[in-house]
Amino acid sequence: KERGIDTEDSITLTVQWENSNDKSLGCAVFTSSWVAPKSDVHSQQRFFYMGAKGEINVDQAHRGCTVATDDGPFASVNPLFMKYTPTNGKFSGQSSYGVKSFEHFVDACRAINAGTAKPTDYDDGSIATVNTTVQGTAILEAGRRSLDSDGQPMDLVYESEDSHEPISIKPHVF
């Protein structure tokens, strides 16, 4: 609001999903925030899934992931964000996620600036782009519209059952 933008500092949405294949329903809670108090990490990124036969709990901020299923034991999975220990006395973290994500971004910038690539070449999900974040942005916009309409549920509209990119948002009709 200090900059003339009428937006909340934080928004939490309860979202109901419909599986386009079998029409089953799922529920998710999303929180997005522009502000955060001092913490042990820059951003809190978490994902939790509970299904009929197991669960997944991801704490990306602390680089941890746990999985529990009916078919196997509880497991703690580390996505190897960074390798801090040397190999044979030399840096060996260049293949870890933390280094690779920066490397891909810098390589993309260099290729675009050199004219050997276009920004749309990276819409494959290899790095975050405007087009790879359309769904998340649409969810937040639908939440904003719902709040502005006293909690009226909103539907994301897609061009077809096979499309994954929303083309509009409309109030849900019961």
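About the thresholds
- Residues numbered from 1 in each chain as written.
- Predicted model: local features only at pLDDT ≥ 70, side-chain atom pairs only at ≥ 80, totals over all residues.
- Heavy atoms only, no water.
- Helix = DSSP H or I, 4+ residues; strand = E, 2+ residues; numbered from the N terminus.
- Buried < 20%, exposed > 50% of the residue type's maximum accessible area, 1.4 Å probe, protein only.
- Contact = heavy atoms within 4.5 Å.
- Areas by Shrake-Rupley, 256 points an atom, 1.4 Å probe, with all protein chains shown as cover.
- Phe/Tyr/Trp six-rings, centres within 6.5 Å; stacked < 30°, edge-to-face > 60°.
- Patch = residues over 30% accessible without salt bridge, like charges linked within 9 Å, V, L, I, M, F, W, Y side chains within 5 Å.
- Salt bridge = Lys/Arg side-chain N within 4 Å of Asp/Glu carboxyl O.
- Core = buried A, V, L, I, M, F, W, Y, C linked by side-chain atoms within 4.5 Å.
- Expected span 1.5 Å × (residues − 1).
- Polar contact = N/O pair within 3.5 Å; in protein donor to acceptor, adjacent residues only side chain to side chain.

Moving on, we come to the overall build of the protein. Secondary structure summary: the protein contains two helices and eight strands in total. The helix and strand sequence of the protein, counted from the amino end, reads β-β-β-β-β-β-α-α-β-β. By residue count, 16% of the 174 residues in the protein fall in the buried class. In the protein, once contacts between residues fewer than 6 apart in sequence are set aside, the share between residues at least 24 apart is 16%. Counting only carbon and sulfur atoms, one obtains 55% of the accessible surface of the protein, whose full area is about 13700 Å².

Let's shift gears to the packing of aromatic side chains. Per the counting criterion, the structure on display carries one aromatic pair. With a centroid separation of 6.2 Å and 70° between ring planes, the pair formed by W17 and F30 is classed as edge-to-face. Separated by 13 residues along the polypeptide, W17 in strand 1 (residues 10-18) and F30 in strand 2 (residues 25-33) bring together distant segments of the chain. Note on W17: relative accessible area 34%, which makes it partly exposed. Here F30 falls in the partly exposed class, since its relative accessible area comes to 29%.

On the surface, a cluster of nonpolar side chains totalling about 290 Å² of accessible area is made up of F47, Y49 and I56. Inspection of the secondary structure puts I56 in strand 4 (residues 54-59).

Attention shifts here to the pattern of salt bridges. Applying the stated criterion across every chain yields a total of five salt bridges. Taking the shortest distance from any N to any O, the salt bridge between K23 and E18 comes out at 3.8 Å. Here D121 ties to K118 by a salt bridge, and the two come within 3.4 Å at their closest N and O atoms. Overall, the relative accessible area of 36% leaves D121 in the partly exposed class. Each of E18, K23 and E161 takes part in a single network of salt bridges with overlapping partners.

Core analysis: the biggest nonpolar cluster contains five residues, these being A108, A111, A117, Y122 and I127. The residues contacting Y122, other than those within four sequence positions of it, are D107, A108, A111, I112, A117, I127, T129 and T132.

Tracing the chain through its elements places V130 in the loop between helix 1 (97-114) and helix 2 (134-148). Here V130 falls in the exposed class, since its relative accessible area comes to 69%.

As a further point, take the environment of V134. On the secondary structure map, V134 appears in helix 2. Along the primary structure V134 and E165 are separated by 31 residues, whereas in three dimensions their C-alpha atoms are 6.8 Å apart.

Quick look at unusual backbone geometry now. Residues apart from glycine generally show negative phi values, whereas peptide bonds are mostly found in trans. In this structure, K23 takes a positive phi of about 65° despite not being glycine. In the Ramachandran plot, N88 falls in the positive-phi region, its phi being about 55° despite a non-glycine side chain. Mapped onto the fold, N88 is located in the loop between strand 6 (72-77) and helix 1.

Glancing now at helix 2. The terminal C-alpha atoms of helix 2, which comprises 15 residues, lie 21 Å apart, in line with the 21 Å expected from a rise of 1.5 Å per residue. Against strand 1, strand 2, strand 7 (154-158) and strand 8 (166-171) lie the buried residues of helix 2. Following helix 2 by one or two positions, D150 has its phi on the positive side, about 55°.

This paragraph deals with the side chain of T129. Locating T129 in the fold gives a position in the loop between helix 1 and helix 2. Other than its neighbours up to four places away in sequence, T129 contacts Y122 and D123.

On to the side chain of S146. Structurally, the position occupied by S146 is in helix 2. The buried category is assigned to S146, whose relative accessible area is 16%. Among the polar contacts listed, one links the side chain of S146 to the backbone oxygen of Q152, at a separation of 2.9 Å. With residues near it in sequence (within four places) discarded, S146 still touches G151, Q152, P153 and M154.

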